[in-house]
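Observations on chain architecture
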Amino acid sequence: AQSVTQLGSHVSVSEGALVLLRCNYSSSVPPYLFWYVQYPNQGLQLLLKYTSAATLVKGINGFEAEFKKSETSFHLTKPSAHMSDAAEYFCALNQGGKLIFGQGTELSVKP
Amino acid sequence: ETGVTQSPTHLIKTRGQQVTLRCSSQSGHNTVSWYQQALGQGPQFIFQYYREEENGRGNFPPRFSGLQFPNYSSELNVNALELDDSALYLCASSLATRENIQYFGAGTRLSVL
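Residues numbered from 1 in each chain as written. Chains lettered and ligands numbered in written order. Predicted model: local features only at pLDDT ≥ 70, side-chain atom pairs only at ≥ 80, totals over all residues. Heavy atoms only, no water.

Brief notes about the packing of aromatic side chains
On inspection of all chains with the given rule, the structure shows 14 aromatic pairs over all chains. With centroids separated by 5.5 Å and ring planes inclined at 45°, the aromatic side chains of Phe63 of chain A and Tyr89 of chain A adopt a geometry described as tilted. Of this pair, Phe63 of chain A sits in the loop between strand 6 (56-58) and strand 7 (64-68) while Tyr89 of chain A sits in strand 9 (residues 87-95), and the two are 26 residues apart along the sequence. Measuring from centroid to centroid gives 5.5 Å for Tyr35 of chain B and Phe104 of chain B, while their planes differ by 50°, and the two rings are tilted. In this pair, Tyr35 of chain B sits in strand 4 (residues 31-37) while Phe104 of chain B sits in strand 10 (residues 103-104), placing the two residues 69 residues apart along the sequence. For the pair shown, Tyr35 of chain B and Phe104 of chain B are each scored as buried. (Phe/Tyr/Trp six-rings, centres within 6.5 Å; stacked < 30°, edge-to-face > 60°. Helix = DSSP H or I, 4+ residues; strand = E, 2+ residues; numbered from the N terminus. Buried < 20%, exposed > 50% of the residue type's maximum accessible area, 1.4 Å probe, protein only.)

Looking at the sheet that holds strand 7 (residues 64-68) of chain B
All names here are of chain B. Ordered in space as 1-3-8-7, the 4 strands form an open sheet in which the pairing is antiparallel. Among the strands making up the open sheet, the edge pair consists of strand 1 (5-7) and strand 7. Taken over all neighbouring pairs, the strand axes of this sheet differ in orientation by 20° on average, direction set aside. (Pairing = 2+ DSSP bridges. Axes fitted to C-alpha atoms, helices over the stretch in contact; angles between N-to-C directions.)

Description of the interface of chain B and chain A
Listed per partner, the contact involves 20 residues of chain B and 19 residues of chain A. Counting the contacts that link chain B with chain A gives 0 salt bridges. One can count 8 residue pairs in polar contact (both at pLDDT 80 or more) joining chain B with chain A. Elements with a contribution of two residues or more to the side of chain B that touches chain A: strand 4, strand 5 (44-50), strand 9 (87-94) and strand 10 of chain B. (Contact = heavy atoms within 4.5 Å. Salt bridge = Lys/Arg side-chain N within 4 Å of Asp/Glu carboxyl O. Polar contact = N/O pair within 3.5 Å; in protein donor to acceptor, adjacent residues only side chain to side chain.)

Function-wise, these values are silent; they only describe arrangement.
Below is the structure:
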């Protein structure tokens, strides 16, 4: 069965520091992978997507993610955190048209 | 702004009641998916509609049902509400492609008392 695991339910960084949010997946077929962000009391906003083209994917708000097949990973990074990045982040895998989500990682940014 | 709108934004019901949630999809999209997000959890797939037909269903009982209309808008109906149905219900629209990139609305927060 396909699945998504996000390591760390909560990550805290200082403003200006590197952001690294981890996502590992399990899939028997080449995956389509996504990162979404959810601000408090809001829906999900698409940050970026991997659809089997370039393995390094750039998204909105300075985020990027690298698809590593050998490690079955799709970690999300941002070189310099901003206070406005504080939110819940979800990694998701497309399985036959439906999205399978990880449990989410809450990112806190300290001034 | 994704162009996906959901109504109402908040809803309070009592156990045993029925509820209907609505979703207007992004212009040009022909597929609508519904998800339930319990507090502190990732969204769980309920079902998907493509051209007015159910096109996949998650592990939810039959009292969760849906419709898609010719304009591709959609409804989620839940009968015999239970306390555990309290959650954020998210609608996502997409094109029926292999990537199936889904764009979400802001959700409907349902509280069952």
